[in-house]
Protein chains: 2
Amino acid sequence: MPRFLDPQPLTPEAFAPFGDVLGVETKTPLIINEGFAERFDDLAQISVAGNGGRPRFSLFRAKARRYPMEITMMERHPIGSQAFFPTTGAGFLVLVAPPTDTLPFPGMTAFRARADQGVNYHPGVWHFPLLAEREGDLFVVVDRAGGGDLEIATFTSDFPVLRS
Amino acid sequence: MPRFLDPQPLTPEAFAPFGDVLGVETKTPLIINEGFAERFDDLAQISVAGNGGRPRFSLFRAKARRYPMEITMMERHPIGSQAFFPTTGAGFLVLVAPPTDTLPFPGMTAFRARADQGVNYHPGVWHFPLLAEREGDLFVVVDRAGGGDLEIATFTSDFPVLRS
């Protein structure tokens, strides 16, 4: 009997051990532009300067995932944070685990992000690559340029199963 | 007779004097995540480190603009870049001018960004605040935290008129 992972709603409290939730519910906005915009300011702990790194803005265009899905690996960036925000009206799944060396990771947790929510993984947090809902979904990604910052853990048995 | 500003399509070539176009047409993607994503990598010159600055991730929720619109001011950030990307399926207008002190600015140019395009203003480039299409449109904004980086120019006559 595999261990099933069922996504829970993405809230700042539940996600706090892994990173920041990027959303309009997490902060009281500043009113700017003579009333023409609300600014939800400074939502992420962007950590990119380590080992000569710099901030990098990229777009990821994803293929849709299919569930249930056996989880056979996770990755992490020990030096830099990594932020994702959806731009095409669909939410996505987020699968994370706290920093650990035990395989497969204890504390693995799945979240369901809405179309108006993003996440910022803190350095060292294990995460599964992008889990998009629809073919062609486009995401803003803000992470560290500088190299030397990817660890991949491959599981060989006891694969957890992610359900949607 | 006022000077009318009519938006032109947003292309990297036309926008080059002002900053970067953030979009999937500007770069050949890297294939990542075992084929589950294309990465359009490092699309913006993010300049945020000056005068002790750091990168900042924010969300702007906008009110819709109405056109034609008299342009009576512009702003700029001499130290930091500022990137905008839409997330709610609507494009937006972009009004920019090269660094200058002549009022109202010569070389003022309007662009129409599609829903899958963003912009990154380079430091010192004059721009009008966010010109959203629909009430509640939400934008990712990546700019410099650190303060001391806002200049506002107010025009007193010869207002250009932005048309949609």
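The structure reproduced in this document is the subject of the present report. (Residues numbered from 1 in each chain as written. Chains lettered and ligands numbered in written order. Predicted model: local features only at pLDDT ≥ 70, side-chain atom pairs only at ≥ 80, totals over all residues. Heavy atoms only, no water.)

Before going further, it helps to examine the relation of the copies chain B and chain A. Expressed as a screw operation, the relation of chain B to chain A combines 0.0 Å of axial shift with a rotation of 180°, fitting to an RMSD of 0.0 Å. The transformation just described matches what one would write down for a two-fold rotation axis. When C-alpha distances to the rotation axis are compared across chain B, the minimum falls at Thr-87 of chain B, with a value of 1.9 Å. When the interface residues of chain B are mapped onto chain A, 100% of them again lie at the interface, so the same face is used by both copies. (Least-squares fit on C-alpha atoms with pLDDT ≥ 70 in both. Contact = heavy atoms within 4.5 Å.)

Residue and element names in this part refer to chain B. The mixed open sheet is built from 3 strands, whose spatial order is β1-β17-β7. The outermost strands of the open sheet, each flanked by one partner alone, are β1 (4-5) and β7 (69-70). Alignment of β1 against strand β17 (residues 161-162), held across 2 bridges, turns out to be parallel. Across the sheet, residue Leu-5 finds its bridge partner in β17, namely Leu-162. (Pairing = 2+ DSSP bridges. Helix = DSSP H or I, 4+ residues; strand = E, 2+ residues; numbered from the N terminus.)

Residues and elements named next belong to chain A. Summarising the element assignment, Ala-14 is placed in helix α1 (residues 12-15). The sequence separation of Ala-14 and Thr-109 amounts to 95 residues, and the corresponding C-alpha distance is 9.6 Å. Sequence-distant contacts of Ala-14, that is, excluding residues within four places in its chain, are made with Gln-8 and Phe-111.

Now for the sheet that holds strand β5 (residues 37-40) of chain A. Taken in spatial order, the 7 strands of this open sheet run β4(A)-β5(A)-β6(B)-β15(B)-β9(B)-β12(B)-β3(B), and their pairing is antiparallel. For this open sheet the edge positions go to β4 (30-32) of chain A together with β3 (19-22) of chain B, each flanked by a neighbour on one side alone. The average undirected angle you get between the axes of adjacent strands in this sheet is 25°. (Axes fitted to C-alpha atoms, helices over the stretch in contact; angles between N-to-C directions.)

Below, the discussion takes up the interface of chain B and chain A. Contacts between chain B and chain A engage 40 residues on the former and 40 residues on the latter. If you sort the residues of chain B by the area they bury against chain A, Phe-36, Phe-57 and Arg-61 of chain B come out on top, with a joint share of 20%. For Asp-143 of chain B, the salt bridge identified is with Arg-39 of chain A, shortest N-O distance 3.1 Å. Taken together, chain B and chain A are joined by 22 residue pairs in polar contact (both at pLDDT 80 or more). (Buried area = accessible area lost by both parts, 1.4 Å probe. Salt bridge = Lys/Arg side-chain N within 4 Å of Asp/Glu carboxyl O. Polar contact = N/O pair within 3.5 Å; in protein donor to acceptor, adjacent residues only side chain to side chain.)

Moving on: the environment of Leu-59 of chain A. Residue and element names in this part refer to chain A. Of note, Leu-59 is situated in strand β6 (residues 54-62). Accessibility expressed as a relative area gives 0% for Leu-59, which makes it buried. In this structure the C-alpha to C-alpha distance between Leu-59 and Phe-36, which are 23 residues apart in sequence, comes to 27 Å. (Buried < 20%, exposed > 50% of the residue type's maximum accessible area, 1.4 Å probe, protein only.)

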